[in-house]
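Okay, here's what each chain looks like letter by letter:
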Amino acid sequence: MLTRKQRELLKFIQEKLGETGISPSFDEMKEALGLKSKSGVHRLITGLEERGFIRRLPHRARALDVVRLPEDQTAKAAQAPRAGEERRAGLNVIRGDFTPSLPGAVVAAQPSSALQLPLYGKIAAGTPIEALRDHSSSVDVPANLVGRGEHYALTVEGDSMVDAGIHDGDMVVIERCETAENGTIVVALIDNSEVTLKRLRRKGDSIALEPANPAHKTRIFGPDRVRIQGRLVSLMRRY
């Protein structure tokens, strides 16, 4: 048995999918239901998912699909193409240029389409700070800035990467990974407490985290002190 708010949210998601082919953002859902915070949206989505009315599509932060309606009938949108979308051989395609998806993933390949990524907070590009893990925050990112795999966003704080074109206040898109090639700009976790954005250099058994600003020094650590949390794939800046 669904609550009134769960029914309202399910209807809203179904309508948005039918209109645009893209599930609504948490901000849109919060506003539509008159909720005070996105944490309430998270609880409603979890409840609907546990009861089998919706499912989260993998590899995308903003990807929900309606499995069935309260009358236990399969949602029409789960059977038919939506808003210029074709379905063939397990591939979801929005008309226009497209790329094949991973199994079960949705690819919205129009340049104007956006994905919603979790925004974890600020990362230092100078003195390392602990990254904020606020799972209720998110940001819309153009789909062509994101590749395959799991991604998240961070706001840069500091000037140690300016010569690499990364400035204070920029938003970086990070692909989650545990390894990276030499010369890659990575999110590095130091001693399980500090997080920084630096260029990775391996020197024998040591790991060097290089800034891109001569005013800052390279820091060198033993291999057991540094863990890679992801690699930089794109950057967004407001003017």
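(A) Representation of the confidence of the model for the chain. Scored by pLDDT, the chain has a mean of 75; 74% of the residues are at 70 or more. Throughout residues 72-112 the model reports pLDDT below 50, and contacts reaching past four residues in sequence, or to other chains, amount to 71 contacts.

(B) Representation of the pairing of strand E11 (residues 206-210). Along E11, four of the five residues are buried, which leaves the element largely enclosed by surrounding structure. Sheet topology note: the strand E10 (residues 194-203)/E11 ladder contains five bridges and is antiparallel. Residue pairing across strands places Arg202 opposite Ile207, the latter belonging to E11. Hairpin geometry of E10 and E11 is characterised by an intervening segment of two residues between the two adjacent antiparallel strands and by a positive phi of about 65° at Gly204. Where E11 lies against strand E12 (residues 219-221), three bridges are found, and the strand directions are antiparallel. Directly across from Ile207, in E12, lies its bridge partner Phe221.

(C) Examining the pattern of salt bridges more closely. Tallied over the entire structure, the rule returns 10 salt bridges. With a closest N to O distance of 3.8 Å, Glu194 and Arg219 form a salt bridge. Taken together, the residues Glu194 in strand E10 and Arg219 in strand E12 connect sequence positions 25 residues apart. The class for Arg219 is partly exposed, based on a relative accessible area of 32%. Each of Arg4, Lys5 and Glu8 takes part in salt bridges that share partners, so that together they form one network.

(D) Molecular detail of the nonpolar core. Ranked by internal contacts, the top residues of the largest apolar core, which has 17 residues, are Leu9, Leu10, Ile13, Met29, Ile45, Leu48 and Ile54. Those elements that provide at least two residues to this core are helix H1 (4-20), helix H2 (26-33), helix H3 (38-50) and strand E2 (64-66). Looking at this core element by element, the count peaks at five residues for H1. Setting aside chain neighbours within four positions, we find Ile13 in contact with Pro24, Met29, Leu64 and Val66. Counting 16 residues, the second largest nonpolar core, distinct from the first, contains Tyr152, Ile185, Val187 and Leu232.

(E) Focus on the environment of Leu69. Relative to the helices and strands, Leu69 resides in the loop between E2 and strand E3 (85-88). Expressed as a C-alpha distance, the spacing of Leu69 and Leu10, which sit 59 residues apart in the sequence, is 7.8 Å.

(F) Highlighting H3. Counted at 1.5 Å a residue, the expected span for H3 with its 13 residues is 18 Å, and the 18 Å between its end C-alpha atoms agrees. Of all the positions in H3, only Lys38, Gly40, Val41, Leu44, Ile45, Gly47 and Leu48 are classed as buried. One or two positions beyond H3, positive phi appears at Gly52, with a value near 80°.

(G) Main features of unusual backbone geometry. Positive phi, normally seen in glycine, also occurs at Asp191, with a value near 55°. Although it is not a glycine, Asn192 sits at a positive phi angle of roughly 60°. For Asn192, the position within the fold is in the loop between strand E9 (185-190) and E10.

(H) Geometry of the packing of aromatic side chains. Under the defined criterion, the tally for this structure stands at one aromatic pair. We note Arg68 situated over the ring of Phe53; from NZ or CZ to the ring centre the distance is 3.9 Å.

(I) Representation of the side chain of His151 within the structure. Looking at where His151 falls in the secondary structure, it is placed in strand E7 (residues 151-157). A distance of 3.1 Å separates a polar side-chain atom of His151 from the backbone oxygen of Gly149. Leaving out residues up to four positions away in the same chain, His151 has contacts with Leu117, Pro118, Val146, Val173, Ile174, Glu175 and Val233.

What counts as what
Residues numbered from 1 in each chain as written. Predicted model: local features only at pLDDT ≥ 70, side-chain atom pairs only at ≥ 80, totals over all residues. Heavy atoms only, no water. pLDDT = per-residue confidence, 0-100. Contact = heavy atoms within 4.5 Å. Buried < 20%, exposed > 50% of the residue type's maximum accessible area, 1.4 Å probe, protein only. Helix = DSSP H or I, 4+ residues; strand = E, 2+ residues; numbered from the N terminus. Pairing = 2+ DSSP bridges. Salt bridge = Lys/Arg side-chain N within 4 Å of Asp/Glu carboxyl O. Core = buried A, V, L, I, M, F, W, Y, C linked by side-chain atoms within 4.5 Å. Expected span 1.5 Å × (residues − 1). Phe/Tyr/Trp six-rings, centres within 6.5 Å; stacked < 30°, edge-to-face > 60°. Lys NZ or Arg CZ within 6 Å of the ring centre and 35° of its normal. Polar contact = N/O pair within 3.5 Å; in protein donor to acceptor, adjacent residues only side chain to side chain.

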